[in-house]
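Letter by letter, the chains look like this.
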Amino acid sequence: MEKDELNRNEDPVSCGSPDPSPPPHKPGTVADPSVPHSVEPFTLSQELVDIGSGANGSGTGSERFSTLSPPKIVSFQAEESILYISEDEAKDAFVQFATNKCCYRTAPAKHMVVRSLAVMNTYRYWLQTFTESRSTLPASEPYRGGFVDSPEVAVPPELWDVAVDPPPLFADCEMHLPVPHTYRVQGCPSCSGAGWAPCGTCGGRGTRTCIFCGGSGRCTNGDDISSHCLHCNGSGRIRCFSCHGEGRVPCARCDTKGLLLFHSELSITWKNSVAEYVVDKNQGFPLSRFQEVTGKELFSEEHDLVTPLSFPQPIARGAESCIALHQMQVSEETRILRQKHGIELIPLTKIEYEWKGKAYSYYVFGNEKQVYAEDYPGKCCCAIM
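Residues numbered from 1 in each chain as written. Predicted model: local features only at pLDDT ≥ 70, side-chain atom pairs only at ≥ 80, totals over all residues. Heavy atoms only, no water.

Draft legend 1. View of the overall build of the protein chain. On a plain count of helices and strands, the protein chain comes out with six helices and 22 strands. Pairs at least 24 residues apart make up 83% of the contacts formed inside the protein chain by residues separated by at least 6 positions. Surface summary for the protein chain: the accessible area is close to 20000 Å², and the carbon and sulfur share equals 50%. (Helix = DSSP H or I, 4+ residues; strand = E, 2+ residues; numbered from the N terminus. Contact = heavy atoms within 4.5 Å. Areas by Shrake-Rupley, 256 points an atom, 1.4 Å probe, with all protein chains shown as cover.)

Draft legend 2. Quick look at empty space enclosed by the protein. According to the stated counting rule, one finds one cavity of 30 Å³ or more in the structure shown. Lining the largest cavity are T122, V279, D280, K281, Q283, F285, L287, F290 and L348. Looking at the lining of the largest cavity residue by residue, the class counts come to five nonpolar, two polar and two charged. (1 Å grid on protein atoms, 1.4 Å probe; cavity = no way out; pocket = protein on both sides within 12 Å on 5 of 7 lines; lining within 4 Å. Points joined across faces, edges and corners; volume = space filled by probe spheres on them. Nonpolar A, V, L, I, M, F, W, Y, C, P; charged D, E, K, R; others polar.)

Draft legend 3. How the structure looks around the nonpolar core. One finds F94, Y353, Y362, V371 and Y376 to be the most contacted residues of the largest nonpolar core, which totals 19 residues. Counting only elements with at least two residues in this core, the list comes to α3 (87–99), β20 (348–355) and β21 (358–365). A per-element tally of this core places α3 first, with five residues. Sequence-distant contacts of Y353, that is, excluding residues within four places in its chain, are made with F94, M112, V113, V114, R115, K358, A359, Y360, S361, Y362, Y376 and P377. Within the second largest apolar cluster, 17 residues are counted, among which are Y123, Y277, L309 and A319. (Core = buried A, V, L, I, M, F, W, Y, C linked by side-chain atoms within 4.5 Å. Buried < 20%, exposed > 50% of the residue type's maximum accessible area, 1.4 Å probe, protein only.)

Draft legend 4. Just unusual backbone geometry, in detail. Of note in this structure, H181 is not a glycine but carries a positive phi near 65°. On the secondary structure map, H181 appears in the loop between β8 (173–178) and β9 (184–187). One non-glycine residue, K356, lies in positive phi territory at about 55°. By the secondary structure assignment, K356 is in the loop between β20 and β21.

Draft legend 5. The arrangement of the side chain of S267 in detail. Secondary-structure assignment places S267 in strand β16 (residues 259–279). Take S267: its relative accessible area is 12%, and that puts it in the buried class. At a separation of 3.5 Å, a polar atom in the side chain of S267 contacts the side chain of H176. With sequence-adjacent residues up to four places away left out, S267 is seen in contact with S133, R134, S135, M175 and H176. (Polar contact = N/O pair within 3.5 Å; in protein donor to acceptor, adjacent residues only side chain to side chain.)

Draft legend 6. Seen up close, the pattern of salt bridges. Under the criterion given, the structure shown has nine salt bridges. E344 is paired through a salt bridge with R124; the nearest N and O atoms lie 2.8 Å apart. With E344 in strand β19 (residues 334–346) and R124 in strand β6 (residues 122–142), this residue pair connects regions lying 220 residues apart in the sequence. Here E344 and R124 have matching classes, each one buried. Note that R289 and E292 form a salt bridge whose closest N and O atoms lie 2.6 Å from each other. By relative accessible area, which is 43% here, E292 ends up partly exposed. Each of E302, D304 and R338 takes part in one network of salt bridges that share partners. (Salt bridge = Lys/Arg side-chain N within 4 Å of Asp/Glu carboxyl O.)

Draft legend 7. Examining the packing of aromatic side chains more closely. Taken as a whole and judged by the stated rule, the model has 17 aromatic pairs. Aromatic pair F94 and Y362: ring centres 3.7 Å apart, planes at 5°, arrangement stacked. Here F94, found in helix α3, pairs with Y362, found in strand β21; they are 268 residues apart in sequence, far enough to count as distant. Since its relative accessible area comes to 0%, F94 is described here as buried. Here the aromatic cluster, defined as three or more aromatic residues joined through ring pairs, consists of F94, F97, Y104, Y353, Y360, Y362 and Y376. (Phe/Tyr/Trp six-rings, centres within 6.5 Å; stacked < 30°, edge-to-face > 60°.)

Draft legend 8. Structural view of the sheet that holds β20. Read from one edge to the other, the open sheet built from four strands follows the order β5-β20-β21-β22, with strand pairing classed as antiparallel. In the strand order of this sheet, the two ends are held by β5 (113–119) and β22 (370–372), each with one partner. Adjacent strand axes in the sheet meet at a mean angle of 25°, parallel and antiparallel pairs treated alike. Bridge analysis of β5 against β20 gives six bridges, and the strand direction is antiparallel. Across the sheet, V113 pairs through a bridge with E354, a residue of β20. Where α3 meets the sheet, its contacts fall on β5, β20, β21 and β22, and the angle it forms with β21 comes to roughly 95°. (Pairing = 2+ DSSP bridges. Axes fitted to C-alpha atoms, helices over the stretch in contact; angles between N-to-C directions.)

Draft legend 9. Focus on the environment of T334. With respect to the helices and strands, the residue T334 is situated in strand β19. Distance in space between the C-alpha atoms of T334 and S133 is 4.2 Å, their sequence separation being 201 residues. A distance of 2.9 Å separates polar atoms of two side chains, one belonging to T334 and the other to S133.

Draft legend 10. Region of the structure containing the pairing of β19. Extensive coverage of β19 is indicated by the burial of eleven of its 13 residues. Pairing of strand β17 (residues 296–303) with β19, which is carried by seven bridges, proceeds in the antiparallel orientation. If you follow F299 over to β19, its bridge partner there is I343.

Okay, here's the thing in structure tokens:
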């Protein structure tokens, strides 16, 4: 069983500013689907090469895909079978684990009898892909006169021709800015160019039903005697306070100008996506727990585009899957700016122990020596519930 996690991102923040330097132009994208359980060696399709080459207007960069080098050979020492924890360290971690649980008794952890320590170290491959996505949306503001930077002044730039200052690598961010030479003046559709809109409270009449007499023009006192309503002077209607009796209100969209200045707004999103692949050796340990810890780094590198690795299976297959998924979504609106990846050896030890004549086990994992013990014998009633 294989495990990966894609697109672990924080909420983007607004940042960056226009900059005269040319924008990054190399294509790519990120992907959300999970790594398949069985993946064939990745071969770049001609369609992706065409997209990366700018055939569809997405810019240059075919060399980044068409010249991907063969799998990189990663040298490492065979540390998979090394025991990274002693019996005393395993005991100390177990006692700390029980101490931190409010409903766990510490006696089993302190007085157990260790029978064996089994090495179950595994590998984790991780990939980070930093992308830039661009799109345009219509925007408008009240037109107050003055110069209009219309397409007649100059040809509007293409999507990727607008130069901006990108944020730090591998940091989520958003930016919104107007596209030059896309401005035009049109009548306000909300008020049909009048600058005013009918009052929504009174329906444009300037008056509304009297709230004191309910529109009857007469009021009843405590003795059930009907009299002339003094608030509306017997008319049953009072002045509308929303429009001050005018029956209309200023158009909020054009600010009574009647004209709007339309333009295209460029929306840019920088996103860092993470894919992980952990080798599952069917050891009864939940792979999701590996997210809590770090491992020993065996290899890491950073490039415009990373390439597959020549590494023992199945980690090499998982790396190919992650890389392929992050590259296969290249589009006219999304490009890869930078990638980095690496391999970690995650320490995992299974401890078999005995308590009151019964056999139990627990796991110690990661550099942080975290503990996973599903069948801890010293649970209180509230912990069992």
